[in-house]
Amino acid sequence: MIYFRYMSLHFRSQLQYRASFWLLTLGQFFIPFSVFAGLYLMFERFGQLQGWSFFEAALCFAVIHLAFSLSECFARGFDSFSSLVGGGEFDRLLVRPRSTAVQVLGSRFEFNRIGRLVQSAIVLVWAVSSLPVAWTAAKAFTLVLMIVGGTLIFTGIYMLAATLCFWTIQGLEVANIFTDGGREMAQYPLNIYQKWVTVFFTFIIPFGCVSYLPLLFILDRVQGPPLLYMLMPLGGAVFVLPCLLVWLVGVRYYRSTGS
Amino acid sequence: MRAYVSVCRMRFLNGLQYRAAALAGVATQLFFGLIFIMVYIAFYNGSTVQAPISLQDIVAYIWLQQIFLAFIMLWARDNEIFQLITGGSIAYELCRPCGIYPFWFAKLLAQRLSSALLRCFPILLIVFFLPEPYRLSLPESPGAFALFLITLALGLLLVVSVSMLIYISVFWTLSPTGSILMVSVAGEFFAGMIMPIPLMPQWLQTITYVLPFRWAVDLPFRVYSGHIPADEALWGILIQLGWLAFLVGTGRLLLRRALRQVVVQGG
């Protein structure tokens, strides 16, 4: 598939600057590390977070950060899309006989985000092995669904923000509320927030569907049919479909800047 | 001196041009502030332990952090300077009839000032009128407010002098991204940006007190709420001045050494 061809090309080109690559990867490892250290120290100070224990919160943290770093690795092309449009390079993509979404997706990969990925994976393993949860195949499957669903949501937000570029040329900083802000917000169980935050991030941008709700199922806290909570991440993943649609509409109305 | 003031003014006016970006920044910072406060409220609510700092002080700490973010963030960078160094245009910079260190210092200072001034008033206006737990309280006393302004200004100079060191390091590393990332991640943590310093365990607080970062962020914000009393704040100002002298001195020394190595090729 052409997407993977792009990927291997980018990987090889980034490895050309080996020292810089590893330094960046290491730095990427430490960014969420300091945030996670903060989380750990807060629990050390206060003991609990509205009834949530440290490892429960850590699991939530790991899922969201894994999803975020995966989306940063693989969907970063949309994030830097404003430069493609501004520089007129997008015109070139349009004349190629491939789907624009795949080409933009393939225009950039950030492999140094692997540092972030490794860090979140370590937290995940630590949380999973320390939680007093009887793991079943269904629960493990739900966990995987959560991560995949989260990745798709972040990707969807990147696409929406990129579509805005068709009209504004410049990327908008407001999109950060939903990517960085969404990550900061969703790394804690959603029910600690005010109602409007919870509602917005469950029904509009469904972070709650990939973290908080299925987490209830994994931790055996559900009231009601467990299957519903288990499949919640699928509902979250649906978010990416309208984003893709908006993107296609945007491409259709695209007018080149002429540069 | 006139030259530095005017470069400051030019940068400042330039920064004021980006009003739409500032508006987006205001929205982002309000959102982040609200989310952080909700998390702290959740931690404080169910807790049976006595916290070393009141929730009201934490709320002030967080809002001030968001309002003056442009003063304190270490990851802000001026790509122009990097390009000067890595691209070789530094030669032109050397021709200027003024010192490079104060010239860049004035430029970086003005950037932070303009971006903070654009953002701080709308946020201030909103956060003073929020409903109760989220509202920013007024400063403890007029005296505390005066001390807050002094420590904040000195803190800004401290942050600029730290970031000058980052720029100067590029003369040796040639790639800014790695070193910036490391310094800013560590600096942010030890400044109390990830979690307020009073909530850290004792051993970690000891570390933050010997590093420069805490004096730029944590000190002014706790002086504002009165969590750090006036006499302690005066000592803090002395320490700030000491760090400032040290960092500026080191920066000038390193820059002079770096410039001696620069070989300008013709063409």
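Calculation notes
- All residue numbers here refer to positions counted from 1 along the written sequence of the relevant chain.
- Starting at A for chains and at 1 for ligands, labels are handed out in the order in which the entities are written.
- The model is predicted, so local features are restricted to residues of pLDDT at least 70 and side-chain atom pairs to those at 80 or more, both for listing and for counting; the totals for chains, interfaces and linings are taken over all residues.
- Note that the side-chain values use all heavy atoms of the structure and ignore hydrogens as well as water.
- Working definition: helices are DSSP H or I runs of at least four residues, strands are E runs of at least two. Numbering for both runs from the N terminus.
- The globule rule is 2.2 Å times the number of residues to the power 0.38, and the radius of gyration it is compared with is taken over C-alpha atoms.
- In what follows, residue pairs with any heavy atoms lying within 4.5 Å of each other are defined as contacts.
- Only the protein chains shown count as cover for residues, and all accessible areas are computed by the Shrake-Rupley method using a 1.4 Å probe.
- Asp and Glu count as negative and Lys and Arg as positive, but His and the ends of the chain are not part of the count.
- Charge positions come from single atoms, namely NZ of Lys, CZ of Arg, CG of Asp or CD of Glu.
- Three labels apply to residues, based on accessible area from a 1.4 Å probe with only protein chains included: buried if under 20% of the type maximum, exposed if over 50%, partly exposed otherwise in between.
- UniProt positions are given in the numbering used here, feature names are shortened, and annotations may be inferred rather than shown by experiment.
- We define a salt bridge as a side-chain nitrogen of Lys or Arg found within 4 Å of a carboxyl oxygen belonging to Asp or Glu.
- Here an angle of 0 to 180 degrees is reported between the N-to-C directions of two axes, which are lines fitted to C-alpha atoms, with helices fitted over the stretch in contact.
- By the definition adopted for this analysis, an angle is roughly parallel if under 35 degrees, roughly antiparallel if over 145, roughly perpendicular if from 65 to 115, and oblique otherwise.
- Here the nonpolar group is Ala, Val, Leu, Ile, Met, Phe, Trp, Tyr, Cys and Pro; Asp, Glu, Lys and Arg are the charged ones; every other residue, Gly included, is treated as polar.
- Joining two parts hides part of their accessible area as seen by a 1.4 Å probe, and the buried area is that hidden amount summed over both.
- Counting of polar contacts relies on pairs of N or O atoms within 3.5 Å, with two restrictions inside protein: one atom must be capable of donating a hydrogen and the other of accepting it, and residues adjacent in sequence are counted only when both atoms are side-chain atoms.
- The patches described consist of residues with a relative accessible area above 30% and no salt bridge, like charges being joined within 9 Å and nonpolar side chains (Val, Leu, Ile, Met, Phe, Trp, Tyr) within 5 Å.
- The score called pLDDT rates the predictor's confidence residue by residue, from a low of 0 to a high of 100.
- The arc under discussion is defined with respect to the helix axis, by the directions toward the C-beta atoms.

**Let's talk about the overall build of chain B**
Consideration 1: Scanning chain B for helices and strands turns up 12 helices and 0 strands.
Consideration 2: Ordered by position from N to C terminus, the α and β elements of chain B give α-α-α-α-α-α-α-α-α-α-α-α.
Consideration 3: A compact globule built from 267 residues should have a C-alpha radius of gyration of about 18 Å, and chain B, at 20 Å, falls within 12% of that.
Consideration 4: Seen through its C-alpha atoms, chain B measures out along the principal axes to roughly 70 × 40 × 35 Å.
Consideration 5: In chain B, 80% of the contacts between residues at least 6 apart in sequence involve partners at least 24 apart.
Consideration 6: By element, 67% of the accessible surface of chain B is carried by carbon and sulfur atoms, the whole surface being about 12,300 Å².
Consideration 7: If you average the places of the 16 positive and of the 10 negative side-chain charges in chain B, the two averages end up 15 Å apart.

**Describing the overall build of chain A**
Consideration 1: What chain A contains, in helices and strands, is 16 helices and 0 strands.
Consideration 2: The C-alpha atoms of chain A give a radius of gyration of 19 Å, which matches the 18 Å a tight globule of 259 residues would have.
Consideration 3: The principal-axis extent of the C-alpha atoms belonging to chain A is close to 60 × 45 × 35 Å.
Consideration 4: Relative to its 259 residues, chain A shows a buried fraction of 54%.
Consideration 5: Summarising the internal contacts of chain A: among those between residues at least 6 apart in sequence, 79% fall at separations of at least 24.
Consideration 6: Total accessible area on chain A stands at roughly 11,700 Å², and carbon and sulfur atoms take up 67% of it.
Consideration 7: Averaging the positions of the 17 positive and the 11 negative side-chain charges in chain A gives two centres separated by 8 Å.

**Examining the UniProt feature "transmembrane region" (unreviewed entry) in chain B**
Residue and element names in this part refer to chain B.
Consideration 1: The UniProt entry lists residues 21-43, 58-76, 113-131, 143-168, 180-199 and 233-255 under the feature "transmembrane region" (unreviewed entry), expressed in the numbering used here.
Consideration 2: Taken as a whole, residues 21-43 contains 100% helix and 0% strand, while its terminal C-alpha atoms sit 33 Å from one another.
Consideration 3: With 100% helix and 0% strand, the stretch residues 233-255 has end C-alpha atoms that lie 32 Å from each other.

**Describing the pattern of salt bridges**
Residue and element names in this part refer to chain A.
Consideration 1: Here the structure, examined in full by the defined rule, presents 8 salt bridges over all chains.
Consideration 2: A salt bridge links Lys139 to Asp220; its shortest N-O distance comes to 3.0 Å. Placement of the pair is Lys139 in helix 9 (residues 137-168) and Asp220 in the loop between helix 13 (212-218) and helix 14 (226-230), with a sequence separation of 81 residues.
Consideration 3: Across the pair Arg183 and Asp180 runs a salt bridge whose closest N-O atoms are separated by 3.4 Å. Highlighted residues: Arg183 and Asp180, both in helix 10 (residues 175-186), separated by 3 residues, approximately one helical turn.
Consideration 4: Taking the relative accessible area as the measure of exposure, Asp180 reaches 26% and is therefore partly exposed.

**Focus on the packing of helix 8 (residues 142-173) of chain B against helix 11 (residues 214-225) of chain B**
Working note: a packed helix pair is described by the angle between its axes plus the distance between those axes.
Residues and elements named next belong to chain B.
Consideration 1: Close contact between helix 8 and helix 11 brings their axes to 8 Å; oriented N to C, the two are set at 170 degrees. For the element pair helix 8 / helix 11, the angle class is roughly antiparallel. Across the interface between the two elements, Ala144, Phe145, Leu147, Phe148, Thr151, Leu152, Gly155, Leu158 and Val159 of helix 8 pack against Trp215, Ala216, Leu219, Pro220, Phe221, Val223 and Tyr224 of helix 11.
Consideration 2: Within the contact of helix 8 with helix 11, the residues separate by chemical class into 14 nonpolar, 2 polar and no charged.

**Here's the deal with the interface of chain A and chain B**
Consideration 1: Each side of the interface is counted separately: chain A has 36 residues, and chain B has 40 residues.
Consideration 2: Both sides together, the interface formed by chain A and chain B hides about 3,100 Å², and carbon and sulfur atoms give 79% of it.
Consideration 3: The tally of links from chain A across to chain B stands at 0 salt bridges.
Consideration 4: At the boundary of chain A with chain B, the tally comes to 4 residue pairs in polar contact (both at pLDDT 80 or more).
Consideration 5: Elements with a contribution of two residues or more to the side of chain A that touches chain B: helix 2 (18-46), helix 10 and helix 11 (195-204) of chain A.
Consideration 6: Counting residues per element, the side of chain A that touches chain B draws most heavily on helix 2 of chain A, which supplies 18 residues.
Consideration 7: Residue composition of the side of chain A that touches chain B, grouped by class: 21 nonpolar, 10 polar and 5 charged.

**Considering the side chain of Ser71 of chain A**
Residues and elements named next belong to chain A.
Consideration 1: Among the secondary structure elements, Ser71 is positioned in helix 3 (residues 54-74).
Consideration 2: Exposure remark for Ser71: the relative accessible area of 0% places this residue in the buried category.
Consideration 3: Discounting chain neighbours no more than four positions away, the residues touching Ser71 are Arg76, Thr151, Phe154, Thr155 and Tyr158.

**Here we look at a positive patch on the surface**
Consideration 1: Taken together, the side chains of Arg252, Arg256, Arg257 and Arg260 of chain B define a basic patch exposed on the protein surface.
Consideration 2: Structurally, the position occupied by Arg256 of chain B is in helix 12 (residues 230-261).

**Description of the confidence of the model for chain B**
Residues and elements named next belong to chain B.
Consideration 1: Confidence along chain B averages 84 in pLDDT terms, with 94% of residues attaining 70 or more.
Consideration 2: When pLDDT is averaged over each helix and strand of chain B, the minimum, 74, is found for helix 5 (residues 79-87) and the maximum, 91, for helix 10 (residues 202-210).
Consideration 3: Taken together, the chains of this predicted complex give a pTM of 0.86 and an interface ipTM of 0.84.

**Details of the UniProt feature "transmembrane region" (unreviewed entry) in chain A**
All names here are of chain A.
Consideration 1: Listed under "transmembrane region" (unreviewed entry) in the UniProt record, and renumbered for this structure, are residues 21-43, 49-68, 117-137, 143-169, 196-219 and 231-254.
Consideration 2: In residues 49-68, the share of helix is 75% and the share of strand is 0%. The end C-alpha atoms are 23 Å apart.
Consideration 3: The distance separating the terminal C-alpha atoms of residues 196-219 is 25 Å; by composition the span is 83% helix and 0% strand.

**Focus on helix 11 of chain A**
Quick reminder: α-helices carry 3.6 residues per turn. Residues three or four places apart thus point the same way.
Consideration 1: Among all positions of helix 11 of chain A, only Val197, Thr198, Phe201 and Thr202 of chain A are buried. Looking straight down helix 11 of chain A, one finds its buried side chains confined to an arc of 115 degrees; they lie on one side. In helix 11 of chain A, the exposed positions that point more than 90 degrees away from the buried face belong to Lys195 and Phe203 of chain A.
Consideration 2: Contacts made by the buried residues of helix 11 of chain A are with helix 10, helix 12 (207-210) and helix 13 of chain A together with helix 2 (19-45) of chain B.

**Some points on a nonpolar patch on the surface**
All names here are of chain B.
Consideration 1: There is a patch of nonpolar side chains on the surface, built from Trp235, Leu238, Ile239 and Leu241 and spanning about 420 Å² of accessible area.
Consideration 2: Tracing the backbone through its elements, the reader meets Ile239 in helix 12.
Consideration 3: On the basis of relative accessible area, Ile239 is assigned to the partly exposed category, the value being 33%.

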